[in-house]
Amino acid sequence: MHVLTLLDVNILLHVIAAFCLFPVGRTLKAGRAVWFWVSSNLINAAGMLIVLTPHANRPIPAFSLIGNLLLDWGTMLAYVGILSFLDRPRRTLWLLLPAAALSCAKIGLFLGVGLNLPINVILGCGCRFLLAMGCAWLLLRHAERDLRIAAWTMAGFNVAWAAVLLTRMGWEALMVLPHGQVVIGDVRDSTTSMGLMLRAGVTFTLTLGYLWMVGQRLQARLIRLAEQDPLTGIANRRVLWEKGERLVARAQQRGGMLAVLMVDIDHFKAINDRWGHGVGDMVITRVAQTIAGVIRATDILGRVGGEEFAVALPDADTATVAAVAERIRQAVADLVVDPQTPLRCTVSVGRATLAPGVDWAALVHAADQALYRAKAGGRNRVEAHLWGEARRDADAETPGLAAAGWI
């Protein structure tokens, strides 16, 4: 395909890429990274347009230099977009220094000896090689779990593109530069056609990759919003109920153990009335963090609503359930909510262990009834639901806790 036609195709692809990414950044609020990628494509299109405009079989030196510099700078902006997308610190911008040095060396070469397109190609490919490898490293090492499929695919593509650039550098250095017979940019040069064809594929693939990564992040964000309580970040009621029903079904089928704790912050209305709802939200968050820090790794914590939480404890015998409930009560009692204020809080806990023929709703209701007894019994205590057994039997199971008055 003719070089000038390939330049037109590349310009069109960069403009289309920018227009595809623009609404993503504007309507989906996907972050600053998208704006870097939009700018990168527009600068790349401008660079190729500058190279193309005066073209008549051979490039005009000043236009060729400016156009190729813009292509380098567009690639740098794409790299900055990856940094921004992955939320990397500013110190990781250091790779731009050697890349910019290679790019700016073209200016020194032009001022010293005039336009030497083979050397310009080597310098430009070196600049883009560094940035492609840098993008691959960032995507492999720093993409969050939800992005790994898209990010690692993009990393592999960047490595492949870096290999192409390295090959082009070797070709120019070994086959073109020593002979000085071909002016790179001449429409008769087959490597220019090949390079532009590959670049068109790169532009298309990068655009798809950017959109894929943005889509993966937005999907993960929507899933988190659907599954997490927005204030505390723990599971919401819907997710806890779905998991609880599955745990009950598994325990009933396999004869396993399951328990539920219902935890409620004591005198929470008084906290809101005295300190305000902002402090009340802080109390809820700190209590949730405290509970999460003392339960087992296999336990499931969720916010039921308001100041009430529930904990599902799979494969936990009665002694373990009692011990976890007491740890929660004690940890919250010891919690310093805000070092600047005398504010402290406690929780009441109701616990219930799964019995034959009991479903999830009945198990939660049983733990809730035990919680009501803990409230009525003076708060800052743990009460157990007995499923019709005598209370002395429960006291015999956990004599230490019974003696302390927490069951």
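Counting starts from 1 at the beginning of each chain's written sequence and moves along it residue by residue. With pLDDT at 70 or above as the cut-off, local features in this predicted model cover only qualifying residues; side-chain atom pairs require 80 or more to be listed or tallied, and sums for whole chains, interfaces and linings still use all residues. Heavy atoms throughout the structure, all of them, feed into the side-chain values; hydrogens and water do not.

Draft legend 1. Region of the structure containing the UniProt feature "transmembrane region" (unreviewed entry) in the chain. In the numbering used here, UniProt assigns the "transmembrane region" (unreviewed entry) feature to residues 6-22, 34-53, 65-86, 93-115, 121-140, 149-171 and 196-214. Segments assigned H or I by DSSP are reported as helices when at least four residues long, segments assigned E as strands when at least two residues long, and all are numbered from the N terminus. The span residues 93-115 is 78% helical and 0% strand by assignment, and the distance between its end C-alpha atoms comes to 30 Å. Within residues 121-140, the helical portion is 100% and the strand portion 0%, while the C-alpha atoms at the span's ends are 28 Å from each other. UniProt positions are given in the numbering used here, feature names are shortened, and annotations may be inferred rather than shown by experiment.

Draft legend 2. Quick peek at the sheet that holds strand β5 (residues 382-384). Strands were regarded as paired on the criterion that DSSP finds at least two bridges between them. Spatially, the five strands line up as an open sheet ordered β2-β3-β1-β4-β5, and their pairing is mixed. Two strands bound the open sheet, and with one partner strand each, they are β2 (300-305) and β5. Across this sheet, the average inter-strand angle for adjacent strands is 20 degrees, counted without regard to direction. With five bridges connecting them, β2 and strand β3 (residues 308-314) associate as antiparallel partners. In the strand pairing of β3, Gly-302 is matched with Ala-310. By definition, residues are in contact when any of their heavy atoms lie within 4.5 Å. Inter-axis angles, ranging from 0 to 180 degrees, are taken between N-to-C directions of lines fitted to C-alpha atoms, where helices are fitted over the stretch in contact. Strands in contact with helix α8 (residues 237-254) are β1 (258-265), β2 and β3; relative to β2, the strand with the most contacts, it is inclined by about 130 degrees. Lying over the sheet, helix α11 (residues 318-333) contacts β1, β3, β4 (347-353) and β5, oriented at roughly 170 degrees with respect to β4.

Draft legend 3. Structural detail: the pattern of salt bridges. The salt bridge criterion pairs a side-chain nitrogen of Lys or Arg with a carboxyl oxygen of Asp or Glu, the two atoms within 4 Å. Tallied over the entire structure, the rule returns 14 salt bridges. Across the salt bridge formed by Asp-72 and Arg-128, the nearest N and O atoms sit 2.7 Å from each other. Here the residue Asp-72 occupies a position in helix α3 (residues 61-85), and Arg-128 occupies one in helix α5 (residues 117-142), the gap between them amounting to 56 residues. The residues Asp-72 and Arg-128 share a single accessibility class, namely buried. Burial here depends on accessible area, computed with a 1.4 Å probe over protein chains only, as a share of the maximum for the residue type. Under 20% is buried, over 50% is exposed, and the range in between is partly exposed.

Draft legend 4. The packing of aromatic side chains, seen in detail. Aromatic rings from Phe, Tyr and Trp, with only the six-membered ring used for Trp, were paired whenever their centres fell within 6.5 Å, and each pair was classed as stacked if the ring planes differed by under 30 degrees, edge-to-face if by over 60, and tilted otherwise. What the rule picks out here adds up to four aromatic pairs. Seen in terms of ring centroids, Trp-37 and Phe-85 are 5.6 Å apart; in terms of plane orientation they differ by 45 degrees. Their pairing is tilted. With a gap of 48 residues between them, Trp-37 in helix α2 (residues 32-52) and Phe-85 in helix α3 connect regions that are remote in the sequence. Trp-37 sits in the buried class, given a relative accessible area of 0%. By the ring-pair criterion, three or more aromatic residues cluster together here, those being Trp-37, Phe-85 and Tyr-210.

Draft legend 5. Geometry of the side chain of Gln-216. As for its position among the elements, Gln-216 is in helix α7 (residues 190-227). Residue class for Gln-216 comes out buried when judged on its relative accessible area of 17%. Not counting chain neighbours up to four residues away, the residues in contact with Gln-216 comprise Asp-146, Leu-147 and Ala-150.

Draft legend 6. Region of the structure containing unusual backbone geometry. In this structure, His-267 takes a positive phi of about 50 degrees despite not being glycine. By secondary structure assignment, the location of His-267 is in the loop between β1 and α9 (268-275).

Draft legend 7. Fine view of empty space enclosed by the protein. Here a cavity is any set of points on a 1 Å grid over the protein atoms alone where a 1.4 Å probe fits but cannot get out, and a pocket is any open set with protein on both sides within 12 Å along at least 5 of 7 lines; a residue lines the site when it has an atom within 4 Å of a point. Grid points are joined across faces, edges and corners, and a volume is the space filled by probe spheres set on the points. Enumeration over the complete set of coordinates arrives at two cavities of 30 Å³ or more. Lining the largest cavity we find 24 residues, and of these Thr-75, Ala-78, Val-202, Leu-206 and Tyr-210 sit closest to its centre. Elements with a minimum of two residues in the lining of the largest cavity: α2, α3, α5, α6 (148-176) and α7. When residues in the lining of the largest cavity are grouped by element, the largest group, six residues, is from α7. Residues are sorted three ways: Asp, Glu, Lys and Arg are charged, Ala, Val, Leu, Ile, Met, Phe, Trp, Tyr, Cys and Pro are nonpolar, and all the rest, Gly among them, are polar. Among the residues making up the lining of the largest cavity, the classes are represented as 13 nonpolar, nine polar and two charged.

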